[in-house]
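Take a look at the letters that make up each chain.
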Amino acid sequence: MAEPPTKIARREQKTQPKETPPTDASIIIQFRSANGDDTGPQLDIPHNVTPMQLEVLLNGLLNNEEKLPYSFFIEEQELLGELGAHLGIHKISVEKALSIVYQPQAVFRVRPVARCTASIPGHSEAVLSVNFSPNGSMLASGSGDTAVRFWDLGTQLPKHECKGHKNWVLVVAWSPDACYVASGDMNGVIHLWDPAEGKLMGTCSGHGKWITSMAWQPAHKALPSQRFVSGSRDNNIKVWDAVTRNCVLSMSNHTQLVTAVKWGGEGLIYSASRDCTISAWDDTDGKLVRVFKGHGHWVNTLALSSEYVLRTGAFDHTGKAPKDPAAAKQSAAERYAQATAGKPERLVSGSDDFTLCLYEPSTSKNPIARMTGHVQLVNQVVFSPDGRYILSASFDKSVKLWDGCRGTFIATLRGHVGPVYQVAWSADSRMFVSGSKDSTLKVWDLRTRKFKVDLPGHSDEVFTVDWSPDGSTVASGGKDRVLKLWRH
């Protein structure tokens with residue numbers, strides 16, 4: 001039976017927060033930067049001001065010639081509607097000046113992918129890994145059919161089929177200057193390819209068991225790209241020279257297989273292992289710097305807060321980079337400095353113990369936060385390109401969103417009906433895509449925390465998904481052996 005309206009009105013009266021400003025009141029605010037510095041004087045503004053109007057105000061205060069987009073936070077809650085209503089809902093007092101923290105957003109906008117624009121057969125076994133080039137113009141895929149394939153994103157057609165591996169290709173990794181692709185297989189062999197010609201440039205042999213992960217030295221440390229690191233099921237981590245194909249460093253302190261390696265922007269190489277630990281190594285001499293012991297079970301996955309800028313190197317979001325190596329290295333250094341804003345890089349790990357750990361590896365071996373909430377193992381963790389958020393994909397069929405600086409929980413995104421294997425962010429940090437065992441991809445909106453687009457089309461499990469650094473295309477692959485490209 002419906003409740004009488006008087007009863008509802010009385011209940012609403014009771015639940016009205018006491019300090020909501022009256023309808024015609026004004027509110028005194030103080031803008032603050034993310035670093036905590038006051039910006040401009042205290043301002044007296046109407047209670048019904050919107051984020052758009054605050055943006056105009058802030059651009060004026062900062063004397064920005066080009067108007068920049070910002071997001072605004074009050075006591076760590078993002079302001080999405082009128083200020084007065086927000087304060088009422090969150091019961092925030094306005095007795096003293098209200099501190100509003102602003103954060104710049106990406107100046108460009110990525111459009112949500114909405115349809116499959118190409119289904120490209122070619123692999124004769126499951127597609128295990130898809131990876132866009134740093135400039136977003138090409139795509140490499142590795143498969144159980146032992147081939148590495150390169151795809152042209154302009155024509156959406158296969159460009160080269162590269163044969164040479166004798167077993168499943170588990171990992172493909174682009175160098176940040178887009179001149180090399182390294183591929184690692186189940187026998188422990190690594191091949192180096194020229195993506196433009198599809199030619200085999202050489203082989204790196206030394207691992208005794210399969211390759212689990214690979215990462216290249218950042219462009220702001222070395223250009224042209226030359227060194228990369230590999231982790232293997234043989235418990236070892238090796239650094240290779242791509243030109244001579246020699247192993248230049250070999251590191252080992254893990255007692256079980258290495259699940260993930262990352263090459264950080266501050267001179268450290270990170271390795272995660274099934275022995276429940278993460279190690280940090282000096283990338284010049286291979287010495288062990290720190291061991292992180294936050295997990296009680298296998299560590300499956302690692303991500304760095306600077307990952308997007310490390311991946312793209314000197315290439316901007318339109319895929320352009322200086323031709324001259326010295327200028328390109330300088331451009332990569334500037335992009336890295338801008339992305340990290342002088343703060344130490346953060347590392348997040350995901351584990352079979354259902355938790356994530358967030359570290360600041362250069363300052364402490366203890367986690368900033370231990371992030372709990374998943375009820376099954378964590379498959380993958382990724383930082384947003386701006387480093388502000390972390391996503392985790394889990395066997396519990398959910399994706400969780402976390403604060404990238406403090407590790408606090410923000411939201412659970414449900415929609416998949418099977419384990420979520422991988423997630424990937426759009427270049428502007430406003431959306432992300434997830435791929436699942438349930439054969440679908442889903443595109444989610446960061447701001448609303450809801451899913452924007454459902455992308456069915458695969459006929460079986462989706463193992464791997466990537467969003468191009470220029471934002472134009474999502475690629476997915478899986479058990480049905482078909483590579484799919486998705487665009488706006």
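On a predicted model such as this, the values are computed, not experimentally measured, just so you know.

Conventions used here
Residues numbered from 1 in each chain as written. Predicted model: local features only at pLDDT ≥ 70, side-chain atom pairs only at ≥ 80, totals over all residues. Heavy atoms only, no water. Helix = DSSP H or I, 4+ residues; strand = E, 2+ residues; numbered from the N terminus. Buried < 20%, exposed > 50% of the residue type's maximum accessible area, 1.4 Å probe, protein only. Contact = heavy atoms within 4.5 Å. Areas by Shrake-Rupley, 256 points an atom, 1.4 Å probe, with all protein chains shown as cover. Lys, Arg positive; Asp, Glu negative; His and termini not counted. Charge placed at Lys NZ, Arg CZ, Asp CG, Glu CD. Phe/Tyr/Trp six-rings, centres within 6.5 Å; stacked < 30°, edge-to-face > 60°. Lys NZ or Arg CZ within 6 Å of the ring centre and 35° of its normal. Polar contact = N/O pair within 3.5 Å; in protein donor to acceptor, adjacent residues only side chain to side chain. Core = buried A, V, L, I, M, F, W, Y, C linked by side-chain atoms within 4.5 Å. Pairing = 2+ DSSP bridges. UniProt positions renumbered as here; feature names shortened; annotations may be inferred. Axes fitted to C-alpha atoms, helices over the stretch in contact; angles between N-to-C directions. pLDDT = per-residue confidence, 0-100.

1. Digging into the overall build of the protein chain
When helices and strands are tallied, the protein chain shows 5 helices and 37 strands. C-alpha atoms of the protein chain, sized along the principal axes, occupy 75 × 55 × 45 Å. Burial statistics for the protein chain: of 488 residues in total, 55% are counted as buried. Of the contacts formed within the protein chain by residues at least 6 apart in sequence, a portion of 50% connects residues at least 24 apart. Total accessible area on the protein chain stands at roughly 21,000 Å², and carbon and sulfur atoms take up 51% of it. Charge centroids of the protein chain, computed over 53 positive and 50 negative side chains, lie 4 Å from each other.

2. Some thoughts on the packing of aromatic side chains
Under the definition given, this model contains 13 aromatic pairs. Taken together, a centroid distance of 6.4 Å and an interplanar angle of 80 degrees make the contact between Phe31 and Tyr102 edge-to-face. Of this pair, Phe31 sits in strand S1 (residues 26-32) while Tyr102 sits in strand S5 (residues 98-104), placing them 71 residues apart in sequence. By relative accessible area, which is 9% here, Tyr102 ends up buried. Centre to centre, the rings of Phe150 and Trp174 are 5.9 Å apart; their planes meet at 80 degrees, and the pair counts as edge-to-face. One end of the pair, Phe150, is in strand S9 (residues 148-152); the other, Trp174, is in strand S11 (residues 169-174), with 24 residues separating them in the sequence. Of the residues examined, Trp174 reaches a relative accessible area of 9% and is grouped as buried. The aromatic ring of Trp210 is capped on one face by Arg233, whose charged end is 4.2 Å from the ring centroid. Sitting over the ring of Trp298, Arg274 keeps its end group 3.7 Å from the ring centre.

3. With respect to the environment of Leu153
Within the secondary structure, Leu153 is located in the loop between S9 and strand S10 (157-162). You can call Leu153 buried: its relative accessible area is 5%. Discounting residues that sit within four places of it in the chain, Leu153 has contacts with Phe132, Gly136, Ser137, Met138, Leu139, Leu485 and Arg487.

4. Considering the side chain of Arg487
In this fold, Arg487 is placed in strand S37 (residues 483-487). Among the polar contacts made by the side chain of Arg487, one reaches the side chain of Thr473 at a distance of 2.9 Å. Those residues in contact with Arg487 that sit more than four places away from it in its chain are Val113, Ala114, Arg115, Thr117, Leu153, Gln156, Ser472 and Thr473.

5. Observations regarding the nonpolar core
Ile29, Phe31, Leu54, Phe72, Leu83, Leu98 and Ile100 are the most contacted members of the largest nonpolar core, which totals 18 residues. Looking at this core, the elements that each hand over two or more residues are S1, strand S2 (38-46), helix H2 (51-61), strand S3 (70-74), helix H3 (83-89) and S5. Sequence-distant contacts of Ile29, that is, excluding residues within four places in its chain, are made with Pro41, Gln42, Leu43, Ile45, Leu54, Leu83, Leu98 and Ile100.

6. Considering the pairing of strand S22 (residues 288-292)
Direction of pairing for strand S21 (residues 278-282) relative to S22: antiparallel, over a ladder of 4 bridges. Note that in S22 the partner of Ile278 across the bridge is Phe292. Once S21 ends, the chain turns through 5 residues before running back antiparallel as S22, passing Gly286 with a positive phi of about 75 degrees.

7. Considering the environment of Gly208
Residue placement: Gly208 occurs in the loop between strand S14 (199-204) and strand S15 (211-216). Among the residues examined, Gly208 registers a relative accessible area of 59% and is labelled exposed. Between the C-alpha atom of Gly208 and that of Asp234, which follows or precedes it by 26 residues, the distance is 5.8 Å. Those residues in contact with Gly208 that sit more than four places away from it in its chain are Asn187 and Asp234.

8. Structural notes on the UniProt feature "repeat: WD" (unreviewed entry) in the protein chain
Under the present numbering, the feature "repeat: WD" (unreviewed entry) in UniProt falls on residues 120-153, 162-203, 204-250, 251-291, 371-403, 413-454 and 455-488. Along residues 204-250 the backbone is 0% helical and 47% strand, and the end-to-end C-alpha distance reaches 13 Å.

9. Details of the sheet that holds strand S7 (residues 127-132)
What the 4 strands build is an open sheet, ordered S7-S8-S9-S10; its pairing is antiparallel. The open sheet has two edge strands, S7 and S10, and neither has a second partner. Taken pair by pair, the neighbouring strands of this sheet meet at an average axis angle of 25 degrees, ignoring direction. Two strands pair when backbone bridges link them, and S9 and S10 are joined in this way by 5 bridges, in the antiparallel orientation. Note on S10: the bridge partner recorded for Val148 is Cys162.

10. What about the sheet that holds S14?
Taken in spatial order, the 4 strands of this open sheet run S11-S12-S13-S14, and their pairing is antiparallel. Each having just a single partner strand, S11 and S14 make up the two edges of the open sheet. Strand-to-strand twist across the sheet, computed as the mean angle between neighbouring axes with direction ignored, equals 25 degrees. Pairing between S11 and strand S12 (residues 181-185): 5 bridges, direction antiparallel. Across the sheet, the residue bridging to Ala173 is Ala182, located in S12.

11. Here's the deal with the pairing of strand S31 (residues 420-425)
Extensive coverage of S31 is indicated by the burial of 5 of its 6 residues. Sheet topology places S31 next to strand S32 (residues 431-436); 5 bridges connect them, and they run antiparallel. Residue pairing for S32: Trp425 is matched across the bridge by Phe432. The antiparallel hairpin formed by S31 and S32 contains 5 residues in its connecting segment, where Ser429 sits at a positive phi of about 60 degrees.

12. A look at the confidence of the model for the protein chain
Looking at the protein chain as a whole, the pLDDT averages 92, with 95% of positions reaching at least 70. Across residues 5-21, where pLDDT falls below 50, the model places 11 contacts with residues more than four positions away in sequence or in other chains.

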